[in-house]
Amino acid sequence: MSVFARANASRSARAAWTGIAVAGVSALLLTACSTGGDTAPAESEAPADTGDALPIEAGDRDLTLKVGTILPQSGTLAFLGPPEEAGVALAAEEINDADAGISVEVVYRDSGDTTTDIATVSVTDLLSQDVSAIIGAASSGVSFTVIDQITSAGVVHFSPANTSPDFTDYDDNGLYFRTAPSDLLQGEVLGNLIASDGASTLGLLVLNDPYGTGLADATKEAFEAAGGEVVAEELFNTGDSNFDAQLSSINAANPDAVAVITFDEAKVVVPALVGAGYPGDQLYFVDGNLADYSADFAPGLVAGAKGTLPGPQLEADFQDRMLGIDPALDSFSYGPESYDALILIALAAYAANSTDGADIGAYLQQVSGGSGDGEKVTTFADAAALLAEGQQVDYDGASGPITLDENGDPTEATIGIYQYGDDNTYTRIG
């Protein structure tokens, strides 16, 4: 079933998420509208009457947009890299095929993880190539290491997978955006899911970074609000290889369920938990580790385990288009969000008739429908045709309605619920 959760996500006040999640959840955040920035290109010769929205200049475009990516080709989130890069590549292909007066060049670079300085090196390289926007990183912790470097250069920083709540209030010069929802929502869904499955006590194994602790806090709050008790909460750091102390504490507490809030470390900690006697079907995964473990775990190790992942049920057509870019894909996680990130960046550049980062940032909220006006569109070609006529657009993409707020956060999101089978692969159940 679908349940709607509402929250005020403004910078001045954050309200708690409300609602109960049992199966797939669509969440609507109610936020104030704004123009999304103070910088705008020259006024249109004949702008439409659009209230507070920035004007759209009618006429042909002749723009070349260079965008960089810092997506995980290595590190603890490397399994997310292929679908994310495929999503960006698919968007670039469709933008260029539209022949609408804007061409996109993408420069792909690695983000690594927080144990390396790869992201900083990659960003330095991309900025030297005069990119207008950088898509990535997947990890919230990695993005925090480069967000100042990117936004202080006047370049748009757009992540398809950052979920830390701390980005909402971050001083980013109006240049940080994301298509992934805050973990205030995923945590609420996860906590209520665990409670609705009948658990009264919960153990948490948590990556000690902005992603892990933020998601753990939201999960704990929701679970306790539903009447449960968190009886163990164990932290570990990126790069740790020994988890004996944390796993011993969790086993000693004997919780009804354990939420494993990790990245690739799940390949180590999950077999250890189950090997120590903890039932695999009482584990709960999250977007950072919801992966195909058929080649990593013994058959049936996590059969019955569940997990959460932001994103709607993908249409078969979009999956086929993604596979056309990378036939080896075995996951589409955050691929739609990556696709929509580039589409929105290109639409904002088109609307501004500029590839300057500040101009793109000024129009990003508007082309997503955040100005409260504009015709609904679902493809770049259709949106560009309207923008060329001086009309406002409201882009709804592969990842959902999106609608960015004044903080660069999506105001609508869907959290899917998945379950593992005997082959240690997962399928969507809600």
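Quick note: structure is the one above.
None of the values given here were measured: they were computed from a predicted structure. (Residues numbered from 1 in each chain as written. Predicted model: local features only at pLDDT ≥ 70, side-chain atom pairs only at ≥ 80, totals over all residues. Heavy atoms only, no water.)

(A) Main features of the overall build of the chain. Secondary structure assignment for the chain yields eleven helices and 15 strands. With 430 residues in all, the chain has 56% of them scored as buried. When the accessible surface of the chain is totalled, it reaches about 15300 Å², and 47% of it is carbon and sulfur. (Helix = DSSP H or I, 4+ residues; strand = E, 2+ residues; numbered from the N terminus. Buried < 20%, exposed > 50% of the residue type's maximum accessible area, 1.4 Å probe, protein only. Areas by Shrake-Rupley, 256 points an atom, 1.4 Å probe, with all protein chains shown as cover.)

(B) The arrangement of helix H10 (residues 357-367) in detail. Extensive coverage of H10 is indicated by the burial of ten of its eleven residues. Of the residues making up H10, those classed as buried are Gly357, Asp359, Ile360, Gly361, Ala362, Tyr363, Leu364, Gln365, Gln366 and Val367. In this structure, the buried side of H10 is in contact with strand S2 (63-71), strand S5 (156-159), strand S6 (176-178), helix H9 (335-352) and strand S13 (393-395). Where H10 begins, the side chain of Asp356 points an oxygen toward the backbone nitrogen of Ala358, at a separation of 3.0 Å. Gly369 sits one or two positions beyond H10 and adopts a positive phi of about 100 degrees. (Contact = heavy atoms within 4.5 Å. Polar contact = N/O pair within 3.5 Å; in protein donor to acceptor, adjacent residues only side chain to side chain.)

(C) Up close: the packing of helix H1 (residues 81-97) against H9. It is the contact of H1 with H9, at a shortest axis distance of 7 Å, that shows an interaxial angle of 35 degrees. The element H1 and its partner H9 pack so that their crossing is right-handed. For the pair formed by H1 and H9, the contact residues are Pro83, Glu84, Gly87, Val88, Leu90, Ala91, Ala92, Glu94 and Ile95 on the first element and Gly335, Ser338, Tyr339, Leu342, Ile343 and Ala346 on the second. (Axes fitted to C-alpha atoms, helices over the stretch in contact; angles between N-to-C directions. Left-handed = near helix turned anticlockwise from the far one by under 90°.)

(D) Geometry of helix H7 (residues 266-275). Taken residue by residue, H7 has Ala266, Val269, Val270, Leu273 and Val274 as its buried positions. Down the axis of H7, the smallest arc covering the buried residues is 125 degrees, so these residues share one side. Buried-residue contacts for H7 involve strand S7 (201-207), helix H6 (244-253), strand S9 (257-261) and strand S10 (283-285). Following H7 by one or two positions, Gly277 has its phi on the positive side, about 110 degrees. (Arc of directions from axis to C-beta.)

(E) Representation of the packing of aromatic side chains in the model. The tally for this structure, following the rule as stated, stands at 14 aromatic pairs. Taking the centre distance of 3.9 Å and the plane angle of 0 degrees together, the rings of Phe144 and Phe167 count as stacked. On the criterion of sequence distance, the pair formed by Phe144 in helix H3 (residues 140-151) and Phe167 in the loop between S5 and S6 is long-range, its members being 23 residues apart. A residue is classified by how much of its surface remains accessible, and Phe167, at 0% relative accessible area, is buried. When the centroid spacing of 6.4 Å and the interplanar angle of 90 degrees are considered together, the rings of Tyr350 and Phe380 count as edge-to-face. Note that Tyr350 is positioned in helix H9 and Phe380 in helix H11 (residues 380-388), a separation of 30 residues in sequence. A single burial state applies to Tyr350 and to Phe380, both of which are buried. Taken together through their ring pairs, the aromatic side chains of Phe285, Tyr293, Phe297, Tyr418, Tyr420 and Tyr426 make up a single cluster. (Phe/Tyr/Trp six-rings, centres within 6.5 Å; stacked < 30°, edge-to-face > 60°.)

(F) How the structure looks around the sheet that holds strand S3 (residues 102-110). With respect to topology, five strands assemble into an open sheet ordered S3-S2-S4-S5-S6, the strand pairing being parallel. A single partner strand is all that each edge strand has here, and the edge strands are S3 and S6. In this sheet, adjacent strand axes meet at a mean angle of 25 degrees when their direction is disregarded. Bridge count for strand S4 (residues 133-136) against S5 is three bridges, and the pairing is parallel. Following the sheet pairing, Ile134 is matched in S5 by His157. (Pairing = 2+ DSSP bridges.)

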